[in-house]
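# Examination of the molecular architecture
The chain contents come next:
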2 protein chains.
Amino acid sequence: MRAADGKAMTKDAQAQPVRGLDEQICFAVYSAAHAFNRAYRPFLAELGLTYPQYLVMLVLWEQDGQSVKAIGERLMLDSGTLTPLLKRLEGNGLILRKRGREDERQVLVELTEAGRVLHEKAGRSANPVPCAVEDSGVPPARLLEEVRALREALLRRAAAED
Amino acid sequence: MRAADGKAMTKDAQAQPVRGLDEQICFAVYSAAHAFNRAYRPFLAELGLTYPQYLVMLVLWEQDGQSVKAIGERLMLDSGTLTPLLKRLEGNGLILRKRGREDERQVLVELTEAGRVLHEKAGRSANPVPCAVEDSGVPPARLLEEVRALREALLRRAAAED
DNA sequence: AACAATTAGATTGTGCACAATTTAATTTCC
DNA sequence: GGAAATTAAATTGTGCACAATCTAATTGTT
């Protein structure tokens, strides 16, 4: 866990009249996540991946041979989500799953040749999403930082809840 | 549909080297959506709702008696998602589903007394999420507008893809 | 009236997402 | 060295999410 900066939380949760849908940041983020999914679909269909599978591939393209645990920490997903997803990627010939020799509890995930080739293909395919981000007119660097700050604050609250 | 301002899209999708996970706004939004879910969980557990069910209740609390179609347009969800979700809400006694008398293809969704009472209860329960948003230090009004602008740009791209 | 086209929901099948539990391997502590 | 605690994955069960398909009702056209 990062960000144990000791700064006290500003206040406690309190009862409040329920806000309408359109004033809620949570719905904006929720629906934006769906919109990303839709915008990515044609690009990912060319690669034969779903969006969560693409995220796993991004993690492996950054560093091959990671454990399920390490992938899960990177993506904030648990084994109940990753195990079947990784089995599908293995079934499609993009990765191999093998028990660690040193610690046999671990499962190490390695790219196959096809998995590495897909990295090149992804780089050559037209990705519509960065353009859409640009179209939105929102400065990407600032938005990235704001959404990350929001996520971290939410995770701190969730962890503090009990 | 809003925002048909006639402004041409700035450029077409192009091939680009694949960016790392941490530079991608899509992953920031995706993981922030999960973080909202986690932060909401204890609040929603008190109400006996999941997050998507809470969204449906928000829509009905704003206006009772809407059709499945209208709810779906508001939340950007289709009948394959809503039908079983609404049946669960009906099973829990929060709503009633009845065929429209005027147009029998429609199913109208109405709050029960328990569903209305839950609105009051939601208003009295401590909601940790606004506090977390405040903790993040990001100006909420600006963030809301930026995320919405992003979503609309993504949906335009997705619609234009083919 | 009659028939095509459209529309509203429901259904089916695939794939996340996560809580809770289980199994097996490893580490810790004595 | 051996029992207890911890850890890594897998499994099970519930609930979204959406594409594709199906059924039934309505609307439009002739």
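As shown above, the structure is provided for reference.
Rules and cut-offs
Residues numbered from 1 in each chain as written. Chains lettered and ligands numbered in written order. Predicted model: local features only at pLDDT ≥ 70, side-chain atom pairs only at ≥ 80, totals over all residues. Heavy atoms only, no water. Buried < 20%, exposed > 50% of the residue type's maximum accessible area, 1.4 Å probe, protein only. Helix = DSSP H or I, 4+ residues; strand = E, 2+ residues; numbered from the N terminus. Pairing = 2+ DSSP bridges. Near = heavy atom within 4 Å. Polar contact = N/O pair within 3.5 Å; in protein donor to acceptor, adjacent residues only side chain to side chain. Nonpolar A, V, L, I, M, F, W, Y, C, P; charged D, E, K, R; others polar. Arc of directions from axis to C-beta. Contact = heavy atoms within 4.5 Å. Axes fitted to C-alpha atoms, helices over the stretch in contact; angles between N-to-C directions. Phe/Tyr/Trp six-rings, centres within 6.5 Å; stacked < 30°, edge-to-face > 60°. Expected span 1.5 Å × (residues − 1). Buried area = accessible area lost by both parts, 1.4 Å probe. Salt bridge = Lys/Arg side-chain N within 4 Å of Asp/Glu carboxyl O.

### Some words on the pairing of strand β4 (residues 107-111) of chain B
Residues and elements named next belong to chain B. The alternating pattern of β4 places V107, V109 and L111 on a buried face and L108 and E110 on a face that is not buried. Here strand β2 (residues 66-67) pairs with β4 via 2 bridges, running antiparallel. Paired with S67 across the strands is L108, a residue of β4.

### Observations concerning the protein's contact with DNA strand C
Taken together, 30 residues form the shell around DNA strand C, and within it A:T50, A:R88, B:Y30, B:T83 and B:R97 come nearest. Atoms of DNA strand C within 4 Å of the protein: sugar and phosphate make up 78%, bases the balance. Within the side chain of B:T83, a nitrogen or oxygen atom sits 2.7 Å from a phosphate oxygen of DNA strand C. Between DNA strand C and B:V107 there is a distance of 3.1 Å, counted from a phosphate oxygen to a backbone nitrogen or oxygen. Listed by contribution, the elements that provide at least two residues to the surface near DNA strand C are α2 (51-62) and α4 (79-91) of chain A together with α1 (25-47), α3 (68-75), α4 (79-91) and β3 (95-99) of chain B. Among the residues making up the surface near DNA strand C, the classes are represented as 7 nonpolar, 10 polar and 13 charged.

### Looking at unusual backbone geometry
The residue A:M76 is not glycine, and still its phi comes out positive at about 60°. One can find A:M76 in the loop between α3 (68-75) and α4.

### What to know about α3(A)
What α3(A) keeps buried is the set A:V68, A:I71, A:G72 and A:L75. Down the axis, α3(A) shows its buried residues gathered within 100° of arc, on one side only. In α3(A), those exposed residues whose orientation departs by more than 90 degrees from the buried face are A:K69 and A:E73. Check the buried side of α3(A) and you find it contacts α2, β2 (66-67), α4 and β4 (107-111) of chain A together with α1 of chain B.

### So, the sheet that holds strand β3 (residues 95-99) of chain A
All names here are of chain A. Pairing within the open sheet is antiparallel, and its 3 strands lie in the order β2-β4-β3. The sheet terminates laterally at β2 and β3, the two strands that pair on one side only. Relative to β4, α2 is tilted by about 85°, and along the sheet it contacts β2, β3 and β4.

### Thoughts on the environment of B:A70
With respect to the secondary-structure elements, B:A70 resides in helix α3. For the pair B:A70 and B:V59, spaced 11 residues apart in sequence, the C-alpha separation works out to 9.5 Å.

### What to know about the packing of aromatic side chains
Scanning all chains against the criterion turns up 14 aromatic pairs over all chains. Both rings, one in A:Y54 and one in A:W61, keep their centres 6.4 Å apart while their planes meet at 75°; by these two values the pair is edge-to-face. Like A:Y54, the residue A:W61 is buried in the burial classification. Ring pairing ties together the aromatic residues A:F27, A:Y30, B:Y40, B:F43, B:Y51, B:Y54 and B:W61, which thus form one cluster.

### Points about the side chain of B:D135
With respect to the helices and strands, the residue B:D135 is situated in helix α6 (residues 128-136). Of the residues examined, B:D135 reaches a relative accessible area of 19% and is grouped as buried.

### Side note on the sheet that holds β2(B)
Residues and elements named next belong to chain B. In spatial order, the strands read β2-β4-β3; together these 3 strands make up an open sheet with antiparallel pairing. Each of the sheet's edge strands pairs with one partner strand only, and the pair in question is β2 and β3. Here β3 runs beside β4; their pairing, made up of 5 bridges, is antiparallel. Counterpart to R97 in the pairing with β4 is V109. Packing against the sheet, α4 makes contact with β3 and β4, and its axis sits at approximately 120° to β3.

### A word on α4(B)
Residues and elements named next belong to chain B. The terminal C-alpha atoms of α4 lie 18 Å apart, and with 13 residues this matches the ideal 18 Å at 1.5 Å per residue to within 8%. Within α4 the residues assigned to the buried category are L82, L85, L86 and L89. Down the axis of α4, the buried set is contained in an arc of 105°. They therefore lie on one face. Every exposed residue of α4 that faces more than 90 degrees away from the buried side is listed here: G80 and G91. The inward-facing, buried residues of α4 abut α2 (51-62), α3, β3 and β4.

### Quick look at the interface of chain B and chain A
One widely used convention gives an interface's size as the accessible area the parts lose upon coming together. Listed per partner, the contact involves 77 residues of chain B and 77 residues of chain A. Taken over both partners, the interface formed by chain B and chain A buries close to 7100 Å², and the fraction arising from carbon and sulfur atoms is 69%. At the junction of chain B and chain A, the tally comes to 6 salt bridges. The tally of links from chain B across to chain A stands at 16 residue pairs in polar contact (both at pLDDT 80 or more). Of all the elements in the fold, those that place two or more residues in the side of chain B that touches chain A are β1 (14-15), α1, α2, α3, α5 (113-124), β5 (126-127), α6 and α7 (140-161) of chain B. When the residues that make up the side of chain B that touches chain A are grouped by side-chain class, the tally is 48 nonpolar, 12 polar and 17 charged.

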